[in-house]
Amino acid sequence: MLACAAAYAQSTASLRGVIADPSGAVVPEAIVTLSNAENGSKRSIFTDATGQYSFPQVIPGTYRLVVDKPGFASMTRDNIQLLVNTPITINVTMTLSATGEKVNVTAEESPVNTTDATVGNPYNERQVRQLPLQTRNVVELLSLQPGVTS
């Protein structure tokens, strides 16, 4: 049972960042919502006093990030790819608004893991079936990743 729990913990991702205003000051108590378009799940949290938010242990997939705070325009980031064992940092700069204006960001920089040295590679069922592995043992996929030696 404990081995299963340890294996499950390795197949998660994390998302964190800082919410700031146009002058660079942090925005405390902003509502940050992370929603998965594939299964409809949503998680919402408030930023802390330093404007930071964190979503630990998120199931890998494609997500939408929405940040709301009264007095600011609602900010949306779509198509955020969370990969296995790869922490992502997305900092958001909110714009001032008194009318409930919404801002959608469609172009996104490529996420780079600046938190730690872990590397994750997601494989789907089709990719596993097409690999030239005689045993179709998923553990053998580890040897195909960059930087792995036997």
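These numbers come from a predicted model, not from an experiment. (Residues numbered from 1 in each chain as written. Predicted model: local features only at pLDDT ≥ 70, side-chain atom pairs only at ≥ 80, totals over all residues. Heavy atoms only, no water.)

**Quick word on the environment of Lys42**
Here is the rule we go by: Secondary structure is summarised from DSSP: a helix means a run of H or I of at least four residues, a strand means a run of E of at least two, and numbering begins at the N terminus for each. By definition in these notes, contact holds between two residues if any of their heavy atoms fall within 4.5 Å.
Mapping Lys42 onto the fold places it in strand 3 (residues 42-46). Between the C-alpha atoms of Lys42 and Tyr63, which are 21 residues apart in sequence, the distance is 9.4 Å. Residues contacting Lys42, with those up to four places away along its chain left out, are Thr33, Leu34 and Ser35.

**Considering the pairing of strand 2 (residues 31-36)**
Our working definition: Per-residue accessibility, obtained with a 1.4 Å probe over protein chains only, is compared with the maximum for each type, and a residue is labelled buried under 20%, exposed over 50%, and partly exposed between these values. Pairing between two strands is assigned when DSSP locates at least 2 bridges connecting them.
Counting buried residues in strand 2 gives 5 out of 6 residues, a clear majority hidden from the surface. As paired elements, strand 2 and strand 3 share 5 bridges and run antiparallel to each other. Residue pairing across strands places Ser35 opposite Lys42, the latter belonging to strand 3. Where strand 2 folds back on strand 3, the antiparallel hairpin that results is connected by 5 residues, among which Gly40 adopts a positive phi of roughly 80°. Relative to strand 5 (residues 61-68), strand 2 runs antiparallel, the two sharing 6 bridges. Residue pairing for strand 5: Val32 is matched across the bridge by Val67.

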